[in-house]
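Examining the three-dimensional arrangement
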Amino acid sequence: MAERERGGSTNNCDHSGDTEPPKSPEDESSERPEAQYTQDLKSVLITSVLNLEKLDVDLYRGTHHWVPRSQRLFGGQIVGQALVAAAASVSDNLYAHSLHCYFVRAGDPKVPVLYQVDRTRDGRSFTVRSVRAIQHGQPILICQASFHMLQPSPLQHQFTMPVVPQPEDLLTVEELIHRYLSKPDLAKKSRQGLNKLLANEVPIEIKPVHPPHFYRLPAAELRKLFWVRARGYIGEGNMKLHCCVAAYVSDYAFLGTALLPYPNYRAQFSASLDHAMWFHNTFRSDEWMLYECESPWAGGSRGLVQGRLWRRDGVLAASCSQEGVLRVKLVTEPSKL
Ligand SMILES: CC(C)(COP(=O)(O)OP(=O)(O)OC[C@H]1O[C@@H](n2cnc3c(N)ncnc32)[C@H](O)[C@@H]1OP(=O)(O)O)[C@@H](O)C(=O)NCCC(=O)NCCSC(=O)CCCC(=O)O
(Lines give C-alpha, C1' and ligand atoms only; values in the text may rest on other atoms or scores of the structure.)
Protein backbone atom coordinates (compact mmCIF):
# COMPACT_ATOMS: atom_id res chain seq x y z
CA MET A 1 0.00 0.00 0.00
CA ALA A 2 1.38 3.37 -0.99
CA GLU A 3 2.23 5.76 1.81
CA ARG A 4 -0.25 8.55 2.11
CA GLU A 5 1.73 11.66 1.23
CA ARG A 6 -1.09 14.10 0.74
CA GLY A 7 -4.55 14.52 2.05
CA GLY A 8 -4.89 11.29 4.04
CA SER A 9 -7.28 8.43 3.50
CA THR A 10 -11.02 8.39 2.89
CA ASN A 11 -13.05 9.27 5.96
CA ASN A 12 -15.53 6.52 5.46
CA CYS A 13 -12.83 3.90 5.63
CA ASP A 14 -11.63 5.17 8.96
CA HIS A 15 -14.21 3.47 11.05
CA SER A 16 -13.52 5.34 14.23
CA GLY A 17 -16.19 7.94 14.73
CA ASP A 18 -18.62 6.74 12.06
CA THR A 19 -22.25 6.66 12.99
CA GLU A 20 -23.98 3.36 12.50
CA PRO A 21 -27.63 2.85 11.66
CA PRO A 22 -30.03 1.84 14.40
CA LYS A 23 -29.79 -1.86 15.09
CA SER A 24 -32.61 -4.33 14.94
CA PRO A 25 -32.37 -7.27 17.38
CA GLU A 26 -31.19 -9.59 14.61
CA ASP A 27 -28.27 -7.26 13.93
CA GLU A 28 -26.66 -8.33 17.16
CA SER A 29 -24.78 -11.11 15.47
CA SER A 30 -22.94 -13.56 17.65
CA GLU A 31 -21.56 -15.60 14.79
CA ARG A 32 -17.83 -15.33 15.51
CA PRO A 33 -16.77 -14.66 19.10
CA GLU A 34 -14.83 -11.38 19.42
CA ALA A 35 -11.96 -13.38 20.95
CA GLN A 36 -11.54 -15.17 17.66
CA TYR A 37 -11.49 -11.89 15.71
CA THR A 38 -8.55 -10.66 17.73
CA GLN A 39 -6.54 -13.56 16.32
CA ASP A 40 -7.47 -12.56 12.78
CA LEU A 41 -5.56 -9.99 10.80
CA LYS A 42 -7.44 -6.85 9.90
CA SER A 43 -8.94 -7.33 6.46
CA VAL A 44 -6.65 -6.15 3.68
CA LEU A 45 -9.82 -4.82 2.06
CA ILE A 46 -9.98 -2.05 4.62
CA THR A 47 -6.29 -1.54 5.33
CA SER A 48 -5.44 -1.31 1.67
CA VAL A 49 -7.87 -1.96 -1.19
CA LEU A 50 -10.72 0.24 -0.02
CA ASN A 51 -8.52 2.74 1.81
CA LEU A 52 -8.31 5.36 -0.93
CA GLU A 53 -5.82 8.18 -0.93
CA LYS A 54 -7.47 11.58 -1.01
CA LEU A 55 -5.78 13.79 -3.61
CA ASP A 56 -8.18 16.73 -3.62
CA VAL A 57 -11.85 17.50 -3.00
CA ASP A 58 -13.83 14.59 -4.51
CA LEU A 59 -10.71 13.13 -6.08
CA TYR A 60 -9.17 9.88 -4.85
CA ARG A 61 -6.57 7.34 -5.84
CA GLY A 62 -6.92 3.61 -5.36
CA THR A 63 -4.35 0.83 -5.62
CA HIS A 64 -4.68 -2.91 -6.16
CA HIS A 65 -4.18 -5.98 -4.06
CA TRP A 66 -5.47 -8.92 -6.06
CA VAL A 67 -5.49 -9.01 -9.86
CA PRO A 68 -7.32 -11.85 -11.64
CA ARG A 69 -5.54 -14.11 -14.09
CA SER A 70 -7.13 -12.15 -16.93
CA GLN A 71 -4.66 -9.36 -16.00
CA ARG A 72 -7.44 -6.80 -16.18
CA LEU A 73 -8.48 -5.18 -12.91
CA PHE A 74 -11.10 -7.03 -10.88
CA GLY A 75 -14.46 -5.36 -11.48
CA GLY A 76 -15.50 -5.74 -7.83
CA GLN A 77 -12.45 -3.77 -6.76
CA ILE A 78 -13.28 -0.89 -9.09
CA VAL A 79 -16.93 -0.85 -7.97
CA GLY A 80 -15.97 -1.08 -4.28
CA GLN A 81 -13.46 1.75 -4.62
CA ALA A 82 -15.94 3.90 -6.58
CA LEU A 83 -18.47 3.43 -3.79
CA VAL A 84 -15.87 4.41 -1.18
CA ALA A 85 -15.21 7.62 -3.13
CA ALA A 86 -18.94 8.35 -3.52
CA ALA A 87 -19.72 7.64 0.14
CA ALA A 88 -16.95 9.97 1.34
CA SER A 89 -19.00 12.98 0.19
CA VAL A 90 -22.30 12.09 1.84
CA SER A 91 -23.23 12.69 5.45
CA ASP A 92 -23.12 9.98 8.09
CA ASN A 93 -26.89 9.59 8.29
CA LEU A 94 -27.13 8.47 4.65
CA TYR A 95 -26.59 4.88 3.53
CA ALA A 96 -25.98 3.46 0.07
CA HIS A 97 -29.16 1.81 -1.15
CA SER A 98 -28.18 1.24 -4.78
CA LEU A 99 -25.49 1.60 -7.38
CA HIS A 100 -25.39 1.18 -11.15
CA CYS A 101 -22.10 0.85 -12.99
CA TYR A 102 -20.75 0.27 -16.50
CA PHE A 103 -17.27 -1.16 -17.06
CA VAL A 104 -16.31 0.73 -20.20
CA ARG A 105 -12.62 -0.20 -20.51
CA ALA A 106 -10.38 -2.88 -19.06
CA GLY A 107 -8.54 -1.69 -15.95
CA ASP A 108 -4.74 -1.66 -16.16
CA PRO A 109 -3.17 -3.39 -13.13
CA LYS A 110 0.13 -1.55 -13.64
CA VAL A 111 -1.16 1.87 -12.61
CA PRO A 112 -3.45 3.19 -9.85
CA VAL A 113 -7.04 4.30 -10.53
CA LEU A 114 -8.30 7.84 -10.02
CA TYR A 115 -11.85 8.33 -8.76
CA GLN A 116 -13.56 11.61 -9.60
CA VAL A 117 -16.82 12.25 -7.77
CA ASP A 118 -19.58 14.50 -9.07
CA ARG A 119 -22.11 15.60 -6.43
CA THR A 120 -25.08 15.09 -8.75
CA ARG A 121 -27.82 15.93 -6.25
CA ASP A 122 -28.32 16.40 -2.54
CA GLY A 123 -32.04 15.87 -1.87
CA ARG A 124 -34.03 15.82 1.34
CA SER A 125 -34.10 12.00 1.66
CA PHE A 126 -31.96 10.82 -1.25
CA THR A 127 -28.51 11.90 -2.42
CA VAL A 128 -26.94 10.88 -5.73
CA ARG A 129 -23.28 10.73 -6.69
CA SER A 130 -21.68 9.97 -10.04
CA VAL A 131 -18.17 8.57 -10.06
CA ARG A 132 -15.75 8.15 -12.92
CA ALA A 133 -12.87 5.76 -12.44
CA ILE A 134 -10.02 6.97 -14.64
CA GLN A 135 -6.77 5.47 -15.92
CA HIS A 136 -4.51 6.92 -18.61
CA GLY A 137 -6.87 9.91 -18.81
CA GLN A 138 -9.88 7.80 -19.81
CA PRO A 139 -12.82 6.34 -17.87
CA ILE A 140 -12.70 2.63 -17.12
CA LEU A 141 -15.92 2.71 -15.05
CA ILE A 142 -18.87 5.01 -14.72
CA CYS A 143 -20.90 4.58 -11.58
CA GLN A 144 -23.94 6.18 -10.08
CA ALA A 145 -24.64 5.58 -6.43
CA SER A 146 -27.66 6.66 -4.48
CA PHE A 147 -27.84 7.15 -0.72
CA HIS A 148 -30.92 7.31 1.48
CA MET A 149 -31.61 8.24 5.07
CA LEU A 150 -33.32 5.54 7.12
CA GLN A 151 -37.07 5.91 6.78
CA PRO A 152 -39.40 3.39 8.45
CA SER A 153 -42.29 1.87 6.50
CA PRO A 154 -45.02 -0.72 7.09
CA LEU A 155 -44.12 -2.24 3.69
CA GLN A 156 -41.70 -5.02 4.41
CA HIS A 157 -41.20 -8.30 2.61
CA GLN A 158 -38.42 -10.44 1.22
CA PHE A 159 -37.91 -13.87 -0.37
CA THR A 160 -36.95 -16.71 1.95
CA MET A 161 -33.32 -17.73 2.19
CA PRO A 162 -32.56 -21.17 0.70
CA VAL A 163 -31.98 -23.93 3.24
CA VAL A 164 -28.33 -24.98 2.95
CA PRO A 165 -25.63 -26.50 5.18
CA GLN A 166 -24.04 -24.05 7.62
CA PRO A 167 -20.54 -22.75 6.82
CA GLU A 168 -19.06 -24.67 9.79
CA ASP A 169 -20.06 -27.90 8.02
CA LEU A 170 -18.43 -26.98 4.72
CA LEU A 171 -14.86 -26.69 3.41
CA THR A 172 -13.22 -23.56 2.05
CA VAL A 173 -12.10 -23.45 -1.58
CA GLU A 174 -8.50 -23.86 -0.38
CA GLU A 175 -9.39 -26.97 1.67
CA LEU A 176 -11.19 -28.43 -1.33
CA ILE A 177 -8.18 -27.77 -3.54
CA HIS A 178 -5.89 -29.53 -1.04
CA ARG A 179 -8.26 -32.51 -1.19
CA TYR A 180 -8.00 -32.61 -4.96
CA LEU A 181 -4.23 -32.24 -4.82
CA SER A 182 -3.94 -35.22 -2.48
CA LYS A 183 -5.38 -37.49 -5.20
CA PRO A 184 -2.45 -39.45 -6.68
CA ASP A 185 -4.14 -39.88 -10.09
CA LEU A 186 -4.66 -36.14 -10.63
CA ALA A 187 -3.53 -35.06 -14.11
CA LYS A 188 -0.44 -32.82 -14.22
CA LYS A 189 -2.32 -30.02 -15.95
CA SER A 190 -5.07 -30.06 -13.31
CA ARG A 191 -2.44 -30.08 -10.54
CA GLN A 192 -0.78 -27.02 -12.06
CA GLY A 193 -4.14 -25.26 -12.40
CA LEU A 194 -5.07 -25.99 -8.80
CA ASN A 195 -1.70 -24.82 -7.51
CA LYS A 196 -2.17 -21.56 -9.41
CA LEU A 197 -5.57 -21.16 -7.77
CA LEU A 198 -3.99 -21.75 -4.35
CA ALA A 199 -1.38 -19.07 -5.00
CA ASN A 200 -4.17 -16.56 -5.64
CA GLU A 201 -4.33 -14.14 -2.74
CA VAL A 202 -8.00 -13.29 -3.00
CA PRO A 203 -8.97 -11.22 0.06
CA ILE A 204 -12.24 -13.10 0.48
CA GLU A 205 -13.07 -16.55 1.82
CA ILE A 206 -15.48 -18.87 0.07
CA LYS A 207 -17.23 -22.08 1.09
CA PRO A 208 -19.14 -23.64 -1.80
CA VAL A 209 -22.39 -25.26 -0.75
CA HIS A 210 -22.13 -28.08 -3.31
CA PRO A 211 -18.64 -29.53 -3.29
CA PRO A 212 -16.83 -31.41 -4.75
CA HIS A 213 -17.88 -29.56 -7.87
CA PHE A 214 -16.93 -26.29 -6.19
CA TYR A 215 -19.82 -24.13 -7.29
CA ARG A 216 -21.85 -26.31 -9.58
CA LEU A 217 -25.06 -27.97 -8.48
CA PRO A 218 -25.23 -31.69 -9.30
CA ALA A 219 -27.73 -31.31 -12.15
CA ALA A 220 -26.02 -28.24 -13.71
CA GLU A 221 -28.78 -25.93 -12.59
CA LEU A 222 -28.60 -22.26 -13.45
CA ARG A 223 -27.81 -21.46 -9.86
CA LYS A 224 -24.86 -21.64 -7.48
CA LEU A 225 -24.66 -21.09 -3.76
CA PHE A 226 -21.67 -20.29 -1.63
CA TRP A 227 -20.89 -18.75 1.73
CA VAL A 228 -18.64 -15.75 1.45
CA ARG A 229 -16.97 -13.23 3.76
CA ALA A 230 -14.04 -10.83 3.73
CA ARG A 231 -10.83 -12.40 4.99
CA GLY A 232 -9.79 -10.93 8.31
CA TYR A 233 -11.41 -8.55 10.73
CA ILE A 234 -13.46 -5.48 9.84
CA GLY A 235 -15.69 -5.07 12.85
CA GLU A 236 -19.05 -3.57 13.54
CA GLY A 237 -19.97 0.03 13.22
CA ASN A 238 -19.43 1.27 9.70
CA MET A 239 -22.26 0.22 7.45
CA LYS A 240 -20.95 2.39 4.60
CA LEU A 241 -17.74 0.40 4.63
CA HIS A 242 -19.51 -2.96 4.79
CA CYS A 243 -21.47 -1.96 1.65
CA CYS A 244 -18.19 -1.17 -0.15
CA VAL A 245 -16.76 -4.55 0.88
CA ALA A 246 -19.97 -6.28 -0.27
CA ALA A 247 -19.64 -4.50 -3.62
CA TYR A 248 -16.14 -5.98 -3.91
CA VAL A 249 -17.28 -9.45 -2.87
CA SER A 250 -20.40 -9.50 -5.04
CA ASP A 251 -18.48 -9.51 -8.33
CA TYR A 252 -16.36 -12.51 -7.42
CA ALA A 253 -17.17 -15.62 -9.49
CA PHE A 254 -20.53 -14.00 -10.30
CA LEU A 255 -20.54 -13.99 -14.10
CA GLY A 256 -19.41 -17.64 -14.21
CA THR A 257 -22.95 -18.56 -13.10
CA ALA A 258 -24.03 -18.12 -16.73
CA LEU A 259 -21.58 -20.87 -17.77
CA LEU A 260 -22.94 -23.50 -15.36
CA PRO A 261 -25.16 -25.32 -17.87
CA TYR A 262 -22.32 -25.54 -20.42
CA PRO A 263 -19.65 -27.85 -18.98
CA ASN A 264 -18.32 -28.47 -22.49
CA TYR A 265 -17.60 -24.83 -23.13
CA ARG A 266 -14.87 -22.72 -21.62
CA ALA A 267 -14.77 -18.92 -21.64
CA GLN A 268 -12.24 -17.64 -24.14
CA PHE A 269 -13.11 -14.07 -23.33
CA SER A 270 -15.30 -12.99 -20.46
CA ALA A 271 -15.74 -9.61 -18.83
CA SER A 272 -18.49 -7.97 -16.88
CA LEU A 273 -20.16 -5.14 -18.75
CA ASP A 274 -22.17 -3.67 -15.91
CA HIS A 275 -22.93 -4.23 -12.24
CA ALA A 276 -25.89 -3.10 -10.18
CA MET A 277 -26.54 -3.52 -6.47
CA TRP A 278 -29.27 -2.76 -4.01
CA PHE A 279 -28.60 -2.75 -0.29
CA HIS A 280 -31.56 -3.75 1.84
CA ASN A 281 -30.40 -4.33 5.41
CA THR A 282 -27.47 -3.96 7.74
CA PHE A 283 -24.87 -6.73 7.62
CA ARG A 284 -21.26 -7.47 8.39
CA SER A 285 -19.15 -8.30 5.37
CA ASP A 286 -16.58 -10.06 7.59
CA GLU A 287 -19.22 -12.58 8.66
CA TRP A 288 -20.47 -15.43 6.51
CA MET A 289 -23.16 -14.46 4.05
CA LEU A 290 -24.82 -16.83 1.63
CA TYR A 291 -24.41 -15.74 -1.99
CA GLU A 292 -27.19 -17.18 -4.12
CA CYS A 293 -26.39 -16.63 -7.79
CA GLU A 294 -28.55 -17.49 -10.77
CA SER A 295 -28.55 -16.84 -14.48
CA PRO A 296 -31.97 -16.22 -16.00
CA TRP A 297 -30.66 -15.72 -19.54
CA ALA A 298 -27.75 -16.03 -21.93
CA GLY A 299 -27.57 -15.33 -25.65
CA GLY A 300 -25.76 -13.30 -28.29
CA SER A 301 -22.37 -13.79 -26.53
CA ARG A 302 -23.74 -12.23 -23.36
CA GLY A 303 -25.06 -13.62 -20.10
CA LEU A 304 -27.20 -12.13 -17.35
CA VAL A 305 -26.61 -13.04 -13.71
CA GLN A 306 -28.52 -12.09 -10.59
CA GLY A 307 -27.52 -12.60 -6.99
CA ARG A 308 -28.79 -12.34 -3.47
CA LEU A 309 -26.53 -11.89 -0.46
CA TRP A 310 -28.17 -13.36 2.63
CA ARG A 311 -27.17 -12.82 6.23
CA ARG A 312 -26.95 -16.19 7.89
CA ASP A 313 -29.95 -15.33 10.06
CA GLY A 314 -32.07 -15.29 6.88
CA VAL A 315 -32.25 -11.52 6.37
CA LEU A 316 -31.77 -10.41 2.76
CA ALA A 317 -28.78 -8.05 2.88
CA ALA A 318 -28.33 -7.10 -0.78
CA SER A 319 -29.32 -7.96 -4.36
CA CYS A 320 -27.03 -7.77 -7.39
CA SER A 321 -27.32 -7.95 -11.18
CA GLN A 322 -24.74 -8.09 -13.88
CA GLU A 323 -24.47 -8.63 -17.61
CA GLY A 324 -21.24 -9.82 -19.12
CA VAL A 325 -19.73 -10.68 -22.45
CA LEU A 326 -19.06 -14.42 -22.73
CA ARG A 327 -17.22 -15.73 -25.77
CA VAL A 328 -16.72 -19.45 -25.39
CA LYS A 329 -14.98 -22.36 -27.07
CA LEU A 330 -15.90 -26.01 -27.12
CA VAL A 331 -13.63 -28.22 -25.02
CA THR A 332 -13.44 -31.99 -24.96
CA GLU A 333 -12.90 -32.38 -21.20
CA PRO A 334 -15.58 -30.70 -19.08
CA SER A 335 -14.06 -28.63 -16.28
CA LYS A 336 -14.41 -30.07 -12.77
CA LEU A 337 -14.27 -26.60 -11.24
C1 LIG B 1 -16.33 -5.26 -22.84
C2 LIG B 1 -15.29 -4.57 -23.70
C3 LIG B 1 -14.17 -5.53 -24.04
C4 LIG B 1 -15.98 -4.14 -24.98
O5 LIG B 1 -15.06 -3.38 -25.75
P6 LIG B 1 -14.98 -3.54 -27.34
O7 LIG B 1 -14.02 -2.56 -27.82
O8 LIG B 1 -16.34 -3.46 -27.88
O9 LIG B 1 -14.31 -4.98 -27.44
P10 LIG B 1 -14.72 -6.28 -28.29
O11 LIG B 1 -15.00 -5.93 -29.71
O12 LIG B 1 -15.78 -7.01 -27.57
O13 LIG B 1 -13.35 -7.11 -28.22
C14 LIG B 1 -12.85 -7.63 -27.02
C15 LIG B 1 -11.98 -8.83 -27.35
O16 LIG B 1 -12.78 -9.85 -27.90
C17 LIG B 1 -12.34 -10.13 -29.23
N18 LIG B 1 -13.52 -10.36 -30.06
C19 LIG B 1 -14.36 -9.44 -30.56
N20 LIG B 1 -15.37 -10.06 -31.22
C21 LIG B 1 -15.12 -11.39 -31.16
C22 LIG B 1 -15.77 -12.56 -31.66
N23 LIG B 1 -16.89 -12.49 -32.35
N24 LIG B 1 -15.23 -13.75 -31.36
C25 LIG B 1 -14.12 -13.87 -30.64
N26 LIG B 1 -13.45 -12.78 -30.13
C27 LIG B 1 -13.94 -11.58 -30.41
C28 LIG B 1 -11.57 -8.93 -29.68
O29 LIG B 1 -10.60 -9.26 -30.65
C30 LIG B 1 -10.92 -8.49 -28.39
O31 LIG B 1 -9.81 -9.33 -28.09
P32 LIG B 1 -8.42 -8.69 -27.65
O33 LIG B 1 -8.71 -7.91 -26.39
O34 LIG B 1 -8.02 -7.80 -28.79
O35 LIG B 1 -7.51 -9.87 -27.44
C36 LIG B 1 -14.74 -3.30 -22.99
O37 LIG B 1 -15.76 -2.38 -22.81
C38 LIG B 1 -14.09 -3.62 -21.71
O39 LIG B 1 -13.00 -4.20 -21.67
N40 LIG B 1 -14.76 -3.23 -20.60
C41 LIG B 1 -14.27 -3.52 -19.29
C42 LIG B 1 -14.75 -4.87 -18.81
C43 LIG B 1 -14.11 -5.20 -17.49
O44 LIG B 1 -12.91 -5.04 -17.35
N45 LIG B 1 -14.94 -5.64 -16.51
C46 LIG B 1 -14.48 -5.83 -15.19
C47 LIG B 1 -13.53 -6.96 -15.08
S48 LIG B 1 -14.24 -8.53 -15.42
C49 LIG B 1 -14.38 -9.19 -13.85
O50 LIG B 1 -13.92 -8.65 -12.92
C51 LIG B 1 -15.09 -10.51 -13.76
C52 LIG B 1 -14.86 -11.19 -12.44
C53 LIG B 1 -13.65 -12.09 -12.45
C54 LIG B 1 -13.83 -13.30 -11.54
O55 LIG B 1 -14.90 -13.60 -11.06
O56 LIG B 1 -12.83 -13.98 -11.38
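Residues numbered from 1 in each chain as written. Predicted model: local features only at pLDDT ≥ 70, side-chain atom pairs only at ≥ 80, totals over all residues. Heavy atoms only, no water.

Close to the ligand lie 16 residues; Arg72, Gly75, Ala253, Ser272 and Arg327 are nearest. Separating an oxygen atom of the ligand from a backbone N or O atom of Val104 is a distance of 3.1 Å. For the ligand, a nitrogen atom lies 3.0 Å from a polar atom in the backbone of Ser272. Isolated, the ligand exposes 1,100 Å² of accessible area, and the fraction of that covered by the protein chains is 50%. Broken down by element, the shell around the ligand gets its largest block of residues, three residues, from strand S9 (residues 265-272). Of the residues assigned to the shell around the ligand, the class counts are ten nonpolar, two polar and four charged. (Near = heavy atom within 4 Å. Polar contact = N/O pair within 3.5 Å; in protein donor to acceptor, adjacent residues only side chain to side chain. Areas by Shrake-Rupley, 256 points an atom, 1.4 Å probe, with all protein chains shown as cover. Helix = DSSP H or I, 4+ residues; strand = E, 2+ residues; numbered from the N terminus. Nonpolar A, V, L, I, M, F, W, Y, C, P; charged D, E, K, R; others polar.)

Next up on the list: the UniProt feature "domain: Acyl-CoA thioesterase-like N-terminal HotDog" (unreviewed entry) in the protein chain. Mapped onto this structure's residue numbering, the UniProt feature "domain: Acyl-CoA thioesterase-like N-terminal HotDog" (unreviewed entry) falls at residues 65-148. From the first C-alpha to the last, residues 65-148 spans 30 Å; its make-up is 15% helix and 49% strand. (UniProt positions renumbered as here; feature names shortened; annotations may be inferred.)

Summarising the element assignment, Met149 is placed in strand S6 (residues 138-149). Excluding its chain neighbours within four sequence positions, the residues that come into contact with Met149 are Asn93, Leu94, Arg124 and Ser125. (Contact = heavy atoms within 4.5 Å.)

This brings us to the packing of helix H3 (residues 75-87) against helix H6 (residues 239-250). Where H3 contacts H6, the axes come no closer than 7 Å and their chain directions differ by 160 degrees. Considering the angle they form, H3 stands roughly antiparallel to H6. As H3 runs across H6, the sense of the crossing is right-handed. Mapping the contact onto sequence places Gly76, Gln77, Val79, Gly80, Leu83, Val84 and Ala87 in H3 and Lys240, Cys243, Cys244, Ala247 and Tyr248 in H6. Residue composition of the contact of H3 with H6, grouped by class: eight nonpolar, three polar and one charged. (Axes fitted to C-alpha atoms, helices over the stretch in contact; angles between N-to-C directions. Parallel < 35°, antiparallel > 145°, perpendicular 65-115°, else oblique. Left-handed = near helix turned anticlockwise from the far one by under 90°.)

It is worth spelling out a nonpolar patch on the surface at this point. Together, Tyr262, Tyr265, Val328 and Leu330 line one region of the surface with nonpolar side chains, adding up to about 380 Å² of accessible area. Along the chain, the position of Tyr262 falls in the loop between H6 and S9. (Patch = residues over 30% accessible without salt bridge, like charges linked within 9 Å, V, L, I, M, F, W, Y side chains within 5 Å. Salt bridge = Lys/Arg side-chain N within 4 Å of Asp/Glu carboxyl O.)

This part covers the pairing of strand S12 (residues 302-311). For a regular strand, side chains alternate in direction, first toward one face of the sheet and then toward the other. When you tally the buried positions in S12, you get seven out of ten residues, the bulk of the element. The pairing of strand S11 (residues 289-299) with S12 spans nine bridges and is classified as antiparallel. Bridging across to S12, Tyr291 finds its partner in Leu309. Bridge analysis of S12 against strand S13 (residues 316-330) gives nine bridges, and the strand direction is antiparallel. Following the sheet pairing, Leu309 is matched in S13 by Ala318. (Buried < 20%, exposed > 50% of the residue type's maximum accessible area, 1.4 Å probe, protein only. Pairing = 2+ DSSP bridges.)

Another point: the packing of aromatic side chains. Considering all chains together, one arrives at six aromatic pairs under this definition. Seen from their ring centres, Phe226 and Tyr291 are 5.5 Å apart, and the 80 degrees between their planes marks the pair as edge-to-face. In this pair, Phe226 sits in strand S8 (residues 223-230) while Tyr291 sits in strand S11, placing the two residues 65 residues apart along the sequence. A cation over an aromatic ring shows up here: Arg312 above the ring of Trp227, its NZ or CZ 5.8 Å from the ring centre. (Phe/Tyr/Trp six-rings, centres within 6.5 Å; stacked < 30°, edge-to-face > 60°. Lys NZ or Arg CZ within 6 Å of the ring centre and 35° of its normal.)

Relative to the helices and strands, Gln322 resides in strand S13. At a separation of 2.7 Å, a polar atom in the side chain of Gln322 contacts the side chain of Asp251. Side chain to side chain, Gln322 and His275 meet in a polar contact 2.9 Å long. Other than its neighbours up to four places away in sequence, Gln322 contacts Asp251, Phe254, Leu255, Ser272, Asp274, His275, Gly303, Leu304 and Val305.

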